[in-house]
Amino acid sequence: PLQPTSLFTFTEEENMLRESVQKFAQDMVVPRVREMDEAEKMDPAIIKGLFDQGFMAVETAADLGGAECSFTSAIIVIEELAKIDASVSVLCDVHNTLVNTLVRKHASEEMKKKYLPILSTEKLGSFALSEPASGSDAFALQTRAEKKDDHYLLNGSKMWITNAGEAEIFLVFANLDPSKGYKGITCFLVEKEMGVQIAKKEQKLGIRASSTCTLNFDDVKVPLANLLGKEGEGYKYAIEILNEGRIGIAAQMVGLAQGAFEKSIGATYQRKQFGKPVGEFQGMQFQFAEIHTMIESARLLTYNAARLKEEGKPFTKEAAMAKWWSSEVAQKASGSAIEWAGGLGFTREIGIEKYWRDSKIGAIYEGTSNIQRLTIAKFLQKQYGQ
Ligand code: CAA
Ligand code: FAD
């Protein structure tokens, strides 16, 4: 077997976690992938399994029901799940790196005690920032919050919300004081039963088993205690958490690229044309070498960003680079994997085409590739533009 080429090291705990996610993915996800893609629906048994295995609260403290592992561990879970299915991977990613982390970082002690245990063991979360008229320009959001005597009143609509079909807890960004521009944006923890209406479910090109829905808020009463953090600081929480979350999406795309590569390469050494295995033609071998190198470079960028974040060092530019590049690599690797399998690769039968459909989302959510380029470019201008 090929030896890992990187100096990058993982702890024993991280290696054990990787093995247990691989086992879960083989046992629970592999048998369900095609059916879930065709039905455009996540099997609830997978969500329960993810909770039971402790993959849904990777960083949360043990006394609050979590696994109390490193940020890199959360990244490992996302990468390993994406090797098999990007939909399962993003479900876990949104729950861990966006929802749990925001609650851990900014909720009051009371709120943490109330919500982190259920977010660790049974209730799925969603992160609701985007709206029909504000995607990249996220801070132009129109959802409004009004402060009343003993509650906030939420009105507006969110669009594209991952996990919304199954979630029971929503982190919702709304503007409490539009006169302050984006400095009025405030984050609320809203339970579904407070009145969140789950509206249109999108029919998508890829990650079809992951639910993506519109949410409507029509005079939804949210208790004052469910303010997350401080009024007017929601915009900071949103972008700070997205900086971290982008490392998660980078990991999803690295896993997806590796999964597609591994699903296709082996068969090229079996399939014969012109009297020999097609994988032995130099034209094919050069492509294997290029894609393998591209995946390794994306993986190194991703884990580098993860460790920087973990060590409390600046990581925003590195996260943007990792997300942008991994998304490019995932599209290229999964496209090549289809071609290596010839006509079979184009059929739904062997499941390589699904990786390619799923890969497209990496360049769109948690900030499009242009938004990542803008983020990187801002740092370059600061460094060289004096
Ligand atoms: N890190 C930290 N702070 C940042 C930042 C970053 N990357 N980018 C901007 N900011 C801060 C600025 O410092 C500034 O704050 P202060 O006023 O306190 O100094 C504030 O944000 C506004 O800055 P700008 O005017 O430069 O920013 P903007 O309004 O032009 O755009 C942005 C800011 C909305 C964050 C934009 O850059 C962006 O990232 N858009 C993409 C939105 C996004 O990622 N949405 C994802 C939704 S969730 C999702 O997609 C989940 C999923 O699918 C699975
Ligand atoms: P737009 O912002 O309208 O962008 C259109 C095009 O213009 C893009 O190519 C973009 O790169 C480009 N562009 C925009 N501004 C600039 C600029 N300044 N410079 C150069 N180019 C620019 N959101 C959530 O809040 N929570 C979720 O859970 C969530 N899940 C999602 C799941 C899926 C499957 C999808 C498709 C989206 C999800 N989103 C979610 C929303 C996602 O974050 C947005 O779709 C994304 O940020 C882009 O916004 P937009 O779709 O409005 O595109």
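Below is a summary of the structure that appears in this document. This is a predicted model, so every value here is computed, not measured. (Residues numbered from 1 in each chain as written. Chains lettered and ligands numbered in written order. Predicted model: local features only at pLDDT ≥ 70, side-chain atom pairs only at ≥ 80, totals over all residues. Heavy atoms only, no water.)

**Remarks on the site of ligand 1**
Filter applied, for reference: Being near a molecule or strand, for a residue, means having at least one of its heavy atoms within 4 Å of it. Side-chain atoms alone can form a polar contact between residues adjacent in sequence; in general such a contact is a pair of N or O atoms within 3.5 Å, and within protein one must be able to donate a hydrogen while the other accepts it. In this description, accessible areas are obtained by the Shrake-Rupley approach with a 1.4 Å probe, and a residue is regarded as covered only by the protein chains that are shown. Runs of H or I in DSSP of at least four residues are treated as helices and runs of E of at least two as strands, each being numbered from the N terminus. Charged residues are taken to be Asp, Glu, Lys and Arg, nonpolar residues to be Ala, Val, Leu, Ile, Met, Phe, Trp, Tyr, Cys and Pro, and polar residues to be all remaining types, Gly included.
Lining the immediate surroundings of ligand 1 are 23 residues, of which Ser136, Tyr182, Tyr235, Asn243 and Glu366 lie closest. Backbone polar atom of Glu366 to an oxygen atom of ligand 1: 2.8 Å apart, as the coordinates give it. Look at ligand 1: alone it shows 1100 Å² of surface, and the protein chains cover 70% of it. Put simply, the parts of the chain that give the shell around ligand 1 at least two residues each are α5 (86-106), α7 (234-268) and α11 (369-384). Per element, the largest residue contribution to the shell around ligand 1 is five residues, and it comes from α7. Looking at the shell around ligand 1 residue by residue, the classes come out as 12 nonpolar, seven polar and four charged.

**Quick word on the side chain of Arg299**
Just so we agree on the cut-off: Accessibility here uses a 1.4 Å probe with only protein chains present; expressed as a share of the type maximum, an area under 20% marks a residue as buried, one over 50% as exposed, and anything in between as partly exposed.
Here Arg299 shows up in helix α8 (residues 282-310). On the accessibility criterion, Arg299 (18% relative accessible area) is buried. Of the polar contacts made by the side chain of Arg299, one reaches the side chain of Gln258; its length is 3.1 Å.

**Describing the pattern of salt bridges**
Cut-off, in case you're wondering: One side-chain nitrogen of Lys or Arg within 4 Å of one carboxyl oxygen of Asp or Glu is enough to make a salt bridge.
On inspection of all chains with the given rule, the structure shows 28 salt bridges. The shortest N-O distance in the salt bridge between Glu14 and Arg307 comes to 2.9 Å. Note that Glu14 is positioned in helix α1 (residues 12-29) and Arg307 in helix α8, a separation of 293 residues in sequence. There is no split in this pair, since Glu14 and Arg307 are both buried. For Lys180, the salt bridge is made with Asp177, and the minimal N-O distance between the two is 3.7 Å. Here the residues in one salt-bridge network are Arg18, Glu79, Glu80, Lys83, Glu296 and Arg299, joined through shared partners.

**Some words on the pairing of strand β7 (residues 212-223)**
We count it as follows: Think of it this way: DSSP has to see at least two bridges between two strands before they count as a pair.
Inspection of the sheet shows strand β3 (residues 151-162) paired to β7 by nine bridges, in the antiparallel sense. Bridge pairing in β7 links Leu154 to Val220. In this structure, strand β6 (residues 197-201) lies alongside β7, joined through three bridges in antiparallel fashion. Bridge assignment links Gln197 to a residue of β7, and that residue is Asn216.

**Points about the packing of aromatic side chains**
Rules: Pairs were defined over the aromatic rings of Phe, Tyr and Trp, the Trp ring being its six-membered one, requiring ring centres within 6.5 Å. Orientation was assigned from the angle between planes: stacked under 30 degrees, edge-to-face over 60, tilted for the rest. Two conditions define a charge located above a ring, namely a distance within 6 Å from the ring centre to NZ of Lys or CZ of Arg, and an angle within 35 degrees of the ring normal.
According to the stated counting rule, one finds 12 aromatic pairs in the structure shown. Note on Phe10 and Tyr303: the rings are 5.0 Å apart at their centroids and 80° apart in plane angle, and the pair reads as edge-to-face. Within this pair, whereas Phe10 is found in the segment before α1, its partner Tyr303 is found in helix α8, the two being separated by 293 residues in sequence. You can call Phe10 partly exposed: its relative accessible area is 25%. With a relative accessible area of 2%, Tyr303 lands in the buried category. Ring-pair connections join several aromatic residues into one group, and the members of that group are Phe261, Tyr269, Phe288 and Trp340. Cation over ring: Lys382 sits above Phe379, and NZ or CZ is 5.3 Å from the ring centre.

**Description of the packing of α5 against α7**
Our working rule: Angles run from 0 to 180 degrees between N-to-C directions of axes, and those axes are lines fitted to C-alpha atoms, restricted for helices to the stretch in contact. Working definition: roughly parallel below 35 degrees, roughly antiparallel above 145 degrees, roughly perpendicular at 65 to 115 degrees, and oblique for all remaining angles. A clockwise turn of the near helix away from the far one marks a right-handed crossing, whereas an anticlockwise turn of less than a right angle marks a left-handed crossing. Contact definition: two residues touch when any of their heavy atoms are within 4.5 Å.
Between α5 and α7, whose axes approach to 10 Å, the crossing angle comes to 155°. The pairing of α5 with α7 is recorded here as roughly antiparallel in orientation. For α5 against α7, the interelement crossing comes out right-handed. Taken together, the residues of α7 that come into contact with α5 (itself represented by Ala86, Ser89, Val90, Asp93, Thr97, Leu98, Thr101, Leu102, Lys105 and His106) are Tyr237, Glu240, Ile241, Leu242, Glu244, Gly245, Gly248, Ile249, Gln252 and Leu256. Its residues assigned to classes, the contact of α5 with α7 shows nine nonpolar, seven polar and four charged.

**Considerations on the environment of Glu328**
Among the secondary structure elements, Glu328 is positioned in helix α9 (residues 316-340). C-alpha separation for the pair Glu328 and Val254, spaced 74 residues apart in sequence, amounts to 9.9 Å. The residues contacting Glu328, other than those within four sequence positions of it, are Ser369 and Arg373.

**A closer look at helix α3 (residues 44-52)**
Along α3, the residues classified as buried are Ile46, Ile47, Gly49, Leu50 and Phe51. Tucked inside the fold, the buried residues of α3 contact α1, α2 (33-39), α4 (71-84), α5 and α6 (109-121). With a side-chain oxygen positioned 2.8 Å from the backbone nitrogen of Ala45, the residue opening α3 is Asp43. Downstream of α3 by a residue or two, Gly54 has a phi angle that is positive, lying close to 80°.

**Observations regarding the site of ligand 2**
Lining the immediate environment of ligand 2, one finds 18 residues, of which Ser130, Ser136, Trp160, Thr162 and Thr368 sit closest. Within the side chain of Thr368, a nitrogen or oxygen atom sits 2.7 Å from an oxygen atom of ligand 2. Protein contact buries 65% of the 970 Å² of open area that ligand 2 shows by itself. Those elements giving two or more residues to the shell around ligand 2 turn out to be β3 and α11. The class makeup of the residues in the shell around ligand 2 is nine nonpolar, seven polar and two charged.

**Examining the side chain of Ser73**
Mapped onto the fold, Ser73 is located in helix α4. Judged by its relative accessible area of 1%, Ser73 is buried. Not counting chain neighbours up to four residues away, the residues in contact with Ser73 comprise Glu14, Leu17 and Val58.

Geometric descriptors of this kind do not, in isolation, establish any biological role.
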